[in-house]
Amino acid sequence: MNDSAWATIAELNRWLTRDSELPEQTQKILQILKISEEAGEVAEAVIGATGQNPRKGFSHSWEDVEKELCDVIITSMVALTQLNSEAGELFAEHLQRVRERALGLS
């Protein structure tokens, strides 16, 4: 993830929280819960792309699934930013650890 992506996420986070009257802790909790909502939209799109809902048939495309997955990623990045102001660095370090563990690379 490059720095410009994280800069955009920081802007989105400021926009989302700027006018909120909710306590900061509540904002964080709701943003984390938003990830589940977005994941549900991915599931709905997959069901629609595979035509598994007899009532709706083929209601989505795989492009819809891709867009919904992007929404999950963005929502997760915003949530991580709300929890840690160094989210980009934290993510990069975590990704490196996962890479090393999964691929045996250093």
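Residues numbered from 1 in each chain as written. Predicted model: local features only at pLDDT ≥ 70, side-chain atom pairs only at ≥ 80, totals over all residues. Heavy atoms only, no water.

Q: A description of the packing of aromatic side chains should follow, citing residues and the corresponding values.
A: This structure, assessed with the given rule, holds one aromatic pair. Seen from their ring centres, Trp6 and Phe91 are 6.1 Å apart, and the 50° between their planes marks the pair as tilted. Taken together, the positions of Trp6 in helix 1 (residues 3-17) and Phe91 in helix 4 (residues 87-103) put the pair 85 residues apart, joining distant regions of the chain. The exposure class assigned to Trp6 is buried, which follows from its relative accessible area of 11%. The exposure class assigned to Phe91 is partly exposed, which follows from its relative accessible area of 29%. (Phe/Tyr/Trp six-rings, centres within 6.5 Å; stacked < 30°, edge-to-face > 60°. Helix = DSSP H or I, 4+ residues; strand = E, 2+ residues; numbered from the N terminus. Buried < 20%, exposed > 50% of the residue type's maximum accessible area, 1.4 Å probe, protein only.)

Q: Provide a residue-level description of helix 4, including the pertinent values.
A: Given a rise of 1.5 Å per residue, 17 residues ought to cover 24 Å, and the 23 Å separating the end C-alpha atoms of helix 4 matches this to within 8%. Looking at the residues trailing helix 4, positive phi occurs at Gly104, about 65°. (Expected span 1.5 Å × (residues − 1).)

Q: Go over the pattern of salt bridges with me, naming the residues and quoting the values.
A: For the structure on display, the rule yields six salt bridges. Two residues, Lys34 and Glu38, come together in a salt bridge whose shortest N-O distance is 3.3 Å. Of this pair, Lys34 and Glu38 both sit in helix 2 (residues 24-49), separated by four residues, roughly a single helical turn. With relative accessibility at 30%, the residue Lys34 sits in the partly exposed group. Ionic pairing is found between Lys56 and Glu44, a salt bridge with its closest N-O pair at 3.8 Å. Here Glu44 lies in helix 2 and Lys56 lies in the loop between helix 2 and helix 3 (62-83), a separation of twelve residues in the sequence. Residues participating in the shared-partner salt-bridge network are Lys34, Glu37 and Glu38. (Salt bridge = Lys/Arg side-chain N within 4 Å of Asp/Glu carboxyl O.)

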